[in-house]
Every structure is written in C-alpha cells, then in structure tokens.
Amino acid sequence: MTPTSDSASVNGEIELLEAPALGMDADAILADFTHYFRRTLGRRTIRRDSPFTYQALVLAVRDRLMERWGRTRNARQSQRTRKVCYLSLEFLMGRLLHNALLNLDLEESAGGALAELGLDLEQIYDIEHDTGLGNGGLGRLAACFLDSCATLGYPVIGYGLRYHYGMFRQRIHNGHQVEEPDPWLRDGFPWEIERAELALPIKFGGRSEVYHDSDGSRRFRWVHTQDVLAVPFDIPIPGYRNDVVNTLRLWSAEATDAFNLQEFNAGSYSDAVASKNQAENITMVLYPNDASESGRELRLRQQYFLASASLQDVLRDWIKRNGSLDGFAENRCFQLNDTHPAVAVAELMRLLIDEHGLGWDKAWSMTTSMMAYTNHTLLPEALERWPVSLFKRLLPRVMEIIYEINARFLGEVGRRWPGDNLKIRQLSLIEEGGEPMVRMAHLAIVGSYSVNGVAELHSRLLREGLFRDFAELWPKKFNNKTNGVTHRRWLVAANPGLTGLISDAIGDGWISDLEQLSALREHAEEPAFQERWRAIRQGNKERLADVIAEKTGVKIDPAMLFDVQVKRIHEYKRQLLNLLHAIHLYDRIRRGNGKGMSPRAIIIGGKAAPGYAMA
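Below or above, wherever it landed, is the structure these notes cover.

Rules and cut-offs
Residues numbered from 1 in each chain as written. Predicted model: local features only at pLDDT ≥ 70, side-chain atom pairs only at ≥ 80, totals over all residues. Heavy atoms only, no water. Helix = DSSP H or I, 4+ residues; strand = E, 2+ residues; numbered from the N terminus. Rg over C-alpha atoms; globule rule 2.2 N^0.38 Å. Buried < 20%, exposed > 50% of the residue type's maximum accessible area, 1.4 Å probe, protein only. Areas by Shrake-Rupley, 256 points an atom, 1.4 Å probe, with all protein chains shown as cover. Lys, Arg positive; Asp, Glu negative; His and termini not counted. Charge placed at Lys NZ, Arg CZ, Asp CG, Glu CD. Core = buried A, V, L, I, M, F, W, Y, C linked by side-chain atoms within 4.5 Å. Contact = heavy atoms within 4.5 Å. Salt bridge = Lys/Arg side-chain N within 4 Å of Asp/Glu carboxyl O. Pairing = 2+ DSSP bridges. Axes fitted to C-alpha atoms, helices over the stretch in contact; angles between N-to-C directions. Parallel < 35°, antiparallel > 145°, perpendicular 65-115°, else oblique. Nonpolar A, V, L, I, M, F, W, Y, C, P; charged D, E, K, R; others polar. Phe/Tyr/Trp six-rings, centres within 6.5 Å; stacked < 30°, edge-to-face > 60°. Lys NZ or Arg CZ within 6 Å of the ring centre and 35° of its normal.

Section: the overall build of the chain
Phase 1: Across its full length, the chain holds 23 helices and 21 strands.
Phase 2: Taken against the 2.2 N^0.38 rule, which gives 25 Å for 615 residues, the C-alpha radius of gyration of the chain at 27 Å falls within 12% of a compact globule.
Phase 3: Taking the principal axes of the C-alpha coordinates as reference, the chain spans close to 80 × 80 × 60 Å.
Phase 4: In the chain, which comprises 615 residues, the proportion classed as buried is 47%.
Phase 5: Surface exposure of the chain reaches about 31,100 Å², of which carbon and sulfur atoms provide 51%.
Phase 6: In the chain, 75 positive and 79 negative side-chain charges are present, and the distance between their average locations comes to 4 Å.

Here's the deal with the nonpolar core
Phase 1: Core analysis: the biggest nonpolar cluster contains 135 residues, and Trp191 and Phe391 have the highest contact counts within it.
Phase 2: The element contributing the most residues to this core is helix α10 (residues 293-322), with 10 residues.
Phase 3: Residues in contact with Trp191, not counting those within four places in the same chain, are Tyr54, Val58, Val61, Arg62, Leu65, Leu96, Leu97, Ala100, Glu128, Asp234, Ile235 and Pro236.

Topic: the pattern of salt bridges
Phase 1: All told, the structure shown has 37 salt bridges when counted by the stated rule.
Phase 2: Across the salt bridge formed by Glu297 and Arg301, the nearest N and O atoms sit 3.4 Å from each other. With Glu297 and Arg301 both in helix α10 and 4 residues apart, the pair spans about one turn of that helix. Pair check on accessibility: Glu297 and Arg301 agree, each one buried.
Phase 3: Across the salt bridge formed by Arg532 and Asp504, the nearest N and O atoms sit 3.4 Å from each other. Of this pair, Arg532 sits in helix α22 (residues 527-552) while Asp504 sits in helix α21 (residues 496-506); the two residues are 28 residues apart in sequence, bridging distant segments of the chain.
Phase 4: A relative accessible area of 39% places Arg532 in the partly exposed class.

A short note on the sheet that holds strand β17 (residues 437-439)
Strand pairing in a sheet takes place through backbone hydrogen bonds and is either antiparallel or parallel in direction.
Phase 1: If you trace the 3 strands from one edge of the open sheet to the other, you get β15-β17-β16, paired in antiparallel fashion. Because the sheet does not close on itself, it has two edges, and the strands there are β15 (385-387) and β16 (430-431).
Phase 2: Where β16 and β17 come together, 2 bridges link them in antiparallel fashion. Within the sheet, the bridge partner assigned to Glu431 lies in β17 and is Met437.

Section: the packing of helix α12 (residues 344-355) against helix α15 (residues 396-416)
Phase 1: Running from amino to carboxyl end, α12 crosses α15 at an angle of 100°, the nearest separation of the two axes being 9 Å. Accordingly, the angle class assigned to the pair α12 and α15 is roughly perpendicular. Residues Val345, Ala346, Glu347, Met349, Arg350, Ile353 and Asp354 of α12 form the contact with α15, whose participating residues are Arg397, Val398, Ile401, Ile402 and Ile405.
Phase 2: For the contact of α12 with α15, the residue count by class is 8 nonpolar, no polar and 4 charged.

Thoughts on the packing of aromatic side chains
Phase 1: Scanning all chains against the criterion turns up 12 aromatic pairs.
Phase 2: One aromatic cluster is present, built from ring pairs that chain together Phe409, Phe467, Phe470 and Trp474.
Phase 3: The ring centre of Trp417 lies 4.9 Å from the NZ or CZ of Lys423, which sits over that ring.
Phase 4: Sitting over the ring of Phe168, Lys607 keeps its end group 5.1 Å from the ring centre.

So yeah, pure geometry; function would need other evidence.
Shown next, in the form of structure tokens:
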C-alpha cells in the first residue's frame, strides 16, 4: 500500500493524518445525522420513539469526540507527566448523550438539527438506556471522578468491566421488590469502540512451578492454567468545553476458543461450548450475589480479571513506547477504588517478577510507589475477605506472593512492636481461624503509598479507629480526598432553570470553577432573585409530582415540603434513620403535637441487592 497525501508512514506503520475539523453548527449535525440514519443504520422512516434516531445522533456526536480523543492521546504521548489508572468494579455513568452535548457545547446545535426533522431533543434523551455498570454511590463517585479529571485536563484512564447485564430492573409487587434482568446492551451501545487487537489472556487455576533461568536464579511460573481473554471496549469521557477527551476502558470476557471441536464432532454441543460460557460469565452480570460459594468465586474472578487485564495493558503500552521498564514507576500510578481491585497489588508483583524478570526488592519498591487506595467504608464487616482455599484454587501463584508480602510485612511489624503477637494477628494480611481469610483492605494498605477516605470525618475515623495501627506504623501514608458529584451533571444538566438563574446573576464561570458560587451571597437578599428561585423550585416539584403520579398513582401536593432520599437500600445506611424520623413525625401528629410542622411528603427510592435479606 502506498501512503496517500493524507497519511504518514512511521516505523512501517501507516498513520492517517488529521482530517478537516467537523462542523459544530446545526447544519453539520443534521447532515451527519441523516448520513448515519440512512447509510449506517439503513433506515429511511423516522419515528419519534425509535432507538435509531438516538443511535444516529450518538454517532454524529461521537465523530466530534473522536477528533478530540485523538488529539488528547497525541498530546499526552509527547508529555512526560504521570498518568493515573483508576481501577473500579463500578462506573455508574448513567446516560451519556446529554452530558456529551453539554460538554461539547452542542445542545443548541443538536436541538436545532432535530427540530428540522420534527424531533425533540428531550425525547431523544429519554430513549437512551442507563449504562448497567454500577450499583450506587461508589460507582457514581467513580463516574464523577472521571468527568472532573477530564475537565481539569488530568491524564486519567478508567478501567472497569463491561457487564452485559446491569444490577436489575425493579418492580414493586404487593409491597415487595421484584427483580427483572437489565439487558442494557440489547439495543447496542454506540458510544463504545471495540479494541479486539488489544485483547489479553488472563490466567486462572493451574499451579505454580519453580525453575532456574539462564543466570541460575530461582524463578516461578504459573502453568496449566485455564485462560480467559480480556477484550477492551473504549468509551470517550469528554471534559467540559476544553477539547480534552479521556478514556474509560471496559474489559469483556471471552473464551480463548469458541468451542471444543472434538466435543462438537462427538455430538456433545453443550460440552463443546461449556468453556466459552464459563469464560463469558465473568462479565455477564454486575456484582453477582455472593451469598453462595459459586457467587463468591465469580466475584473474585471478576476482581482478578479487572486487575490483571488493566495492569498488563498499562505495562504493554509502556514497554511498546519505551522499550524497558525504566521510568515506569515514576510515570504511572494505580488508584484502587475500594478493596475490589486490591488484588492488583499482588498481581503487579507477579507481573514484574515472573513476566519481566525483576527481583523482589525492586518490584516491591515500584509497586508501593504506584498503588494508592481509596477506602469507602468504616465497618469492619464490610471490608472484603476471601478464603485462602479459594485463592489457592483460583490464583495459586498470586496466593504465594500474598504469603511473601505478608511474611515480610509482619517482620516489619515485629520490629516496630517486639513480642506483640496480638498486634501481629490484628495487622496480618491473613486472618487465622477455622477458615483462613485474605484481608483485602490490609493488602491494599500495605501495598500502597497513599490511603485516603472520601470525606474529612471519614478519613479521620480511619486513622483513629479502623486502621489506627496501620496509621501509627505509617502516619504519612494516610490522607483525605473529599469526593463529590459533578455539578455539571447534577445541576447544569439536571436543573437548567436554576443554572440559568445562577449564570444570569454571577456569570457562567462557576460551571468549571464551583468556588465561584460564593458570589451568590451578594444576591441572596434580593427579592427578584428569591422570587425566581422559588418559581424554578416549584416548577421542578410540579414535574416530580407528575412523574410520581404517573408511575405510582399517588398524588402529592407540590406545595408540600419534599423530603427525598434515593440510594441503595442497606441496613446501615441512613434510610433507617429516615424511617425512624417519619415514625416520630407521625407519632407527633397522632398525639396532637403537630404545631409548627410543615406539610411533608417523604419520598424514598432505592434497590436492595437480591441476596441481602435484611435490606
């Protein structure tokens, strides 16, 4: 193939040069929309509720994201800045179209293009399915983290799993939750780009064996494994009107062979595809119920699958660009979102030692300068623990490395607190007992250079309570990072009326710099500002009341105080306090002690995990 005028040949590879920029006006959006609707999706008749109108618009928007995505990648490759790899089993992204149009400043153009065809942009928004990639707060914080990093221009890539089925669709029948499957990928997911050429093998089972390398050094290798392929799918994460587009890379599990041909020829089709089904189960369902042994095993498979695929991906990319591991630890780091990806500590050690030939001390120095751990819970019973027996069966080589990490760590504990066997038992990565367990939070702390909570109070309680001994051993390791949701989605996109009021009063700089909201204090006592604020709030309450009436048949007076709480149902969350408060208020009314109370509608929404009986 001969390079054309719009391509360049580099190291034997032909790289296409930048094409002319796509238009951002309504006419350009309309032209691309109709192109994709007719020639890619093969449709000629437009229906307002058709998923193809949504898909055609996404493809037109994605083209504009692709331009900025490529420029962002090229700029990052020429920079020697540290790149953050954010590992999380959840990314509760919600719907992506509205956020993309907002961040690209395309809402007006897209709305105008659709209006030419008699379509309404709000109706197109309603067609999109929520991405089934998260459960609740932890996943939403991860999604907001990616949004904020892109807006700030930070070089961050998210790594997660591409679940085929989300948590579940919920119905309430006779006062009880009824779960239904959430096949959110059924109509396709036009935001993603499959990168099958970057698939990686992930090991399970087998055994560890010792050998000696050419220098006579004692080495280990993991053999006779049952491998699964991790196939990446990339999703663009745009910053707010800064032309930066970061990446969320999701791994999908596939079998290394479609099926066993010998079994098929022998007439046993079910046996022939059994390994394929078992492999694909890893990313089939978000967070399987871990009340059973099979559920726990699948959960651990998911966690290791995410960690191994992500670490291999980062190592492969670095070595391809740089030829060796020199500078790797200084230019990459891994943020562990809760204990779910904590096995990454041991897996990075395995890759550096077994696959890249480093000695233990060098590998541990690199690992502990690259791993950082975010803790999300203060409850000891909520910290993940895995049976050693399960680890040995699924991840034998990884378990050996955890044992070695623990032995060296406990040596440090013994030097810090000589003769204190209780301290050793409390801090050990292995919890002894009838069934020894691997403490994943301990592994994350020991293997990280930074441990943070998600609010100032939370972080202080970690240092003074749950992880007090670790904080005494490594006081500089513990810090706070206050997590929050992005106001661009939860105010600018969700509440355009209030957004307009604020921007009219103080300008729109607050959208990318939230501290500018402090300027609203100057307007707080203005009667006209207060009146507009009340009108906007009342309009929003009326719309919510209409939705509640439509969905449940319950009519609520919009003049009432709306006391709303929506989150995962859990026995230790604040729903219990909220319910007790509702009982208290009702008791006051029954006793005739309602003086001074405002009419109140208490609205609670959420889902309980199917295996969580108490919730």
